[in-house]
Amino acid sequence: MYGGGNVFEATKFDDLQTEDPAKLAEFEARIARGEKIEPTDWMPELYRKQLIRMIEQHAHSEIIGALPEGTWITRAPGFRRKMAQMAKVQDEVGHAQLLYSAAETLGKSREQMLTDLINGKSKYSNVFNYPAFTWADSNIISWLIDAGAIVNQMANAKGSYGPYSRALERICAEEAFHLKYGHDAVVHMATGTPKQREMIQAALNRWWPPIMTFFGPSDKMSTHTETLMRWKVKMASNDECRQQFLDMYVPKIWELGLTVPDPKLKKNQETGQWEYTEPDWDEFKRVINGDGPCNTERLAVRRTAEERGAWVRRALLNPKAKYVKPLA
Amino acid sequence: MNEQAIKDLLYKLADDQLILGHRNSEWTGFGPILEEDIAFSSMAQDKIGHSLAFYTLLQELGEADPDTVAFTRNANQFHNSQLVELPNGEYDFSLIRHFMYDNAEIIRFEMLSQSSYEPIAKVATKLKGEVKYHVLHANTWIKNLGSSTEEAILRLQSALNEALPYALGMFEKSKYEQELIDAGVYAGEEAVKAEWLKRIQVVLEKTDLKLPDLTSINPKFGGRYGEHTEYLQPLLDEMAEVFKIDPTAEW
């Protein structure tokens, strides 16, 4: 599950001047023809760096994203939900595995990526810094956060880097099941007992502000964004993704008799665009920089898992083996 | 065939798998490597699915529906062995428990697939193929880690020593033991245990791990009769936390 926002900040484009102009032109021509770039192909350093950063953040979002829903596996009500919740969260961890492999093809090892996650050097999707207070929160995540992730990932699956694009196709297929599962769970709550309806509405109220920031702030068009779009690294603007999400899911939320907690939310019939209360981007920045309700807890869990599992990884390590990056 | 004897056997089978499945699922998000995270989660899903199959047989014999049976009983109504309810601890303990439990489980399933009681035979035949993979997973990891670093060997050996009395508790006889054997339902706990010892020895011999002398060990019995450690009731409370908000609601 990954929404994309805030991936491409703080990049220096000067690096491009050191690239061989002929190779760069050929590289861009290949992308323009719709060809995929493969791990052993020539690529500008900047392309490599941005992709590592993007795929790595995506992978981290999958394992950290497993935590808020994961806490509800042991409490899921009834066999049907218990088994589905387990399978769903397991899928997310499986996505992380796929994505770390895709990022490794670009030259950064999984161990290094996980170390950078724990150090706070690399980020993950900001929504997972919010807590899942109740079973209903977990349902909202399964439905609407996964829905948001699909919007973003369907766009990125058309990107230029072969291993990432293929991983995303597989991931999207699984996410489609999550969406059905999440929707089914929310439908049961929204059409259930008064207590269940109250729980699901409260969860929606809690999750709506983070959902609105899921795709990141409005993109400011710059040479920077233009280059990334030309290279098919960034496939859709944050605002485009957000509009598409609102278009697809607000009617479905209303259909269930739930209220979206934003009095300004409506579709402007003339422009065809959704209007809404501007999300609190100051809070977004604060949370992304570590000051959210669960940042410390999420990283602490990950750190503990890494520390407690270190002896297993040491035992598996064959001192004679040499690290070879996978091909895809 | 005495229906009580069959029910007792079914509860024992179902409860073991539900509780171990629940414990395995706690590894989701916390594994020492992602692949193990995923593996424990897979086995958890299988175990809980298997428990559901046995609870469904119980329902056919007139017991309450699987959700009610699994989510509303108290610890003293559970028939699982104490081995499966112990907390996961570190990966060493979880792996050793998995190794000991699944090597016994596969023998039970093999025997039950030949059972004179047809509903159990059908289910066991269908599910034993999945348990085979659980055993393969456990044995592979025990062989790998059990002959790797000194640290890993020490950890696994101490987990093995700690788990063994509980593992032997799996073979606690039911009060219907002789009846089940006589009716050809399965060969009974002594037979399962004898075969189990053979099989785990074969694996352990390929490692630097040693099975302690069994004569000096007191098995932790009681689980099959509703006597449990302090860890089971909190597990059940957690499992039923949402379900009990409204047991009549459709979740």
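If you look chain B up in an unreviewed UniProt entry, it shows as Phenylacetate-CoA oxygenase subunit PaaC from Pontibacter anaerobius.

Under an unreviewed UniProt entry, chain A has the name 1,2-phenylacetyl-CoA epoxidase subunit A and belongs to Pontibacter anaerobius.

Asker: Any chance you could break down the overall build of chain A for me, citing the residues and the numbers?
Answerer: Each helix and strand in chain A was counted, giving eleven helices and two strands. Scanning chain A from its N terminus toward the C terminus, one meets helices and strands in the order α-α-α-α-α-α-α-α-α-β-β-α-α. The globule rule puts the C-alpha radius of gyration for 328 residues at 20 Å, and the 20 Å found for chain A is close to it. C-alpha extents for chain A along the principal axes are approximately 65 × 60 × 35 Å. When burial is assessed residue by residue, chain A has 45% of its 328 residues classed as buried.

Asker: Please provide a residue-by-residue account of the overall build of chain B, values included.
Answerer: Broken down by element type, chain B carries ten helices and zero strands. Taken from the N to the C terminus, the helices and strands of chain B come in the order α-α-α-α-α-α-α-α-α-α. On C-alpha atoms alone, chain B measures out to a radius of gyration of 18 Å, which is about the 18 Å that the 2.2 N^0.38 rule sets for 251 residues. Projecting the C-alpha coordinates of chain B onto the three principal axes gives extents of approximately 55 × 45 × 30 Å. Counting the 251 residues in chain B, one finds 48% classified as buried. The long-range share in chain B, meaning contacts at least 24 apart out of those at least 6 apart in sequence, stands at 76%.

Asker: So, the interface of chain B and chain A: which residues are in play, and what are the values?
Answerer: Between chain B and chain A, the residue contacts involve 42 residues of the former and 36 residues of the latter. Of all elements in the fold, only α1 (3–25), α2 (34–60), α3 (66–72), α7 (150–169) and α10 (232–239) of chain B reach the threshold of two or more residues within the side of chain B that touches chain A. Class assignment for the residues of the side of chain B that touches chain A results in 20 nonpolar, eleven polar and eleven charged.

Asker: Describe the confidence of the model for chain B, with residues and values.
Answerer: With 100% of its residues at a pLDDT of at least 70, chain B reaches an overall mean of 97. In the predicted complex, the global pTM is 0.94; the interface-specific ipTM is 0.95.

Asker: Give me unusual backbone geometry: which residues, what numbers.
Answerer: Positive phi, normally seen in glycine, also occurs at Lys232 of chain A, with a value near 55 degrees. Structurally, Lys232 of chain A is set in the loop between α8 (223–230) and α9 (238–255).

Asker: Please give an account of helix α5 (residues 91–112) of chain B that cites residues and values.
Answerer: With 22 residues, α5 of chain B ought to run about 32 Å at 1.5 Å a step, and its terminal C-alpha atoms sit 30 Å apart, in line with that. Burial analysis of α5 of chain B places 19 of its 22 residues in the buried class, which makes it a mostly covered element.

Asker: Kindly report on the nonpolar core, identifying the contributing residues and their values.
Answerer: If you look at the biggest cluster of nonpolar residues, it comprises 154 residues, and the most contacted ones within it are Leu99 and Ile140 of chain A. The element contributing the most residues to this core is helix α3 (residues 79–104) of chain A, with twelve residues.

Asker: So what about α10 of chain B? Which residues, and what values?
Answerer: Residue and element names in this part refer to chain B. Among the residues of α10, Leu232, Leu235, Leu236 and Met239 are the ones counted as buried. All buried residues of α10 project into a common sector of 95 degrees when viewed along the axis, lining one side. Considering only its buried residues, α10 is in contact with α1, α3 and α4 (82–85).

Asker: Give me the lowdown on the environment of His50 of chain B, citing residues and values where you can.
Answerer: Residue and element names in this part refer to chain B. Among the structural elements, His50 can be located in helix α2. On a C-alpha basis, the gap between His50 and Ala240 in space is 19 Å, while along the polypeptide they are 190 residues apart. Those residues in contact with His50 that sit more than four places away from it in its chain are Gln17 and Leu127.

Asker: Outline the packing of α5 of chain B against helix α6 (residues 118–145) of chain B, listing residues and values.
Answerer: Residues and elements named next belong to chain B. Taken N-terminus to C-terminus, the directions of α5 and α6 make an angle of 150 degrees; their axes are 8 Å apart at the nearest point. On the basis of their axis angle, the class for α5 and α6 is roughly antiparallel. You can see that α5 and α6 cross each other, and the crossing is left-handed. The residue inventory of the contact of α5 with α6, partitioned by class, reads 14 nonpolar, four polar and five charged.

Asker: Residue-level account of the environment of Ile48 of chain B, with values.
Answerer: Mapped onto the elements, Ile48 of chain B comes out in helix α2. Take Ile48 of chain B: there are 22 C-beta atoms within 10 Å of it, and that puts it in the buried class. For the pair Ile48 of chain B and Gly21 of chain B, spaced 27 residues apart in sequence, the C-alpha separation works out to 5.3 Å. Those residues in contact with Ile48 of chain B that sit more than four places away from it in its chain are Lys82 and Met83 of chain A together with Leu18 and Gly21 of chain B.

Asker: Please provide a residue-by-residue account of the packing of α5 of chain B against α7 of chain B, values included.
Answerer: All names here are of chain B. Viewed as axis vectors pointing N to C, α5 and α7 meet at an angle of 50 degrees, and their least axial separation amounts to 9 Å. One element, α5, and the other, α7, form an angle in the oblique class. For the crossing formed where α5 meets α7, the hand is right-handed. Across from Asp92, Phe93, Ile96, Arg97 and Met100 in α5, the residues of α7 making contact are Arg155, Leu156, Ala159, Leu160, Glu162, Ala163 and Ala167. In terms of residue class, the contact of α5 with α7 is made up of eight nonpolar, no polar and four charged.

Asker: Could you give an account of the environment of Gln77 of chain B, with specific residues and numbers?
Answerer: Turning to its location among the elements, Gln77 of chain B is positioned in the loop between α3 and α4. Separated by 81 residues in the primary sequence, Gln77 of chain B and Ser158 of chain B place their C-alpha atoms 31 Å from one another.

Conventions we followed
- Residues numbered from 1 in each chain as written.
- Chains lettered and ligands numbered in written order.
- Predicted model: local features only at pLDDT ≥ 70, side-chain atom pairs only at ≥ 80, totals over all residues.
- Helix = DSSP H or I, 4+ residues; strand = E, 2+ residues; numbered from the N terminus.
- Rg over C-alpha atoms; globule rule 2.2 N^0.38 Å.
- Buried ≥ 20, exposed ≤ 12 C-beta atoms within 10 Å, placed from the backbone.
- Contact = placed C-beta atoms within 7 Å.
- Nonpolar A, V, L, I, M, F, W, Y, C, P; charged D, E, K, R; others polar.
- pLDDT = per-residue confidence, 0-100.
- Expected span 1.5 Å × (residues − 1).
- Core = buried A, V, L, I, M, F, W, Y, C linked by C-beta atoms within 7 Å.
- Arc of directions from axis to C-beta.
- Axes fitted to C-alpha atoms, helices over the stretch in contact; angles between N-to-C directions.
- Parallel < 35°, antiparallel > 145°, perpendicular 65-115°, else oblique.
- Left-handed = near helix turned anticlockwise from the far one by under 90°.

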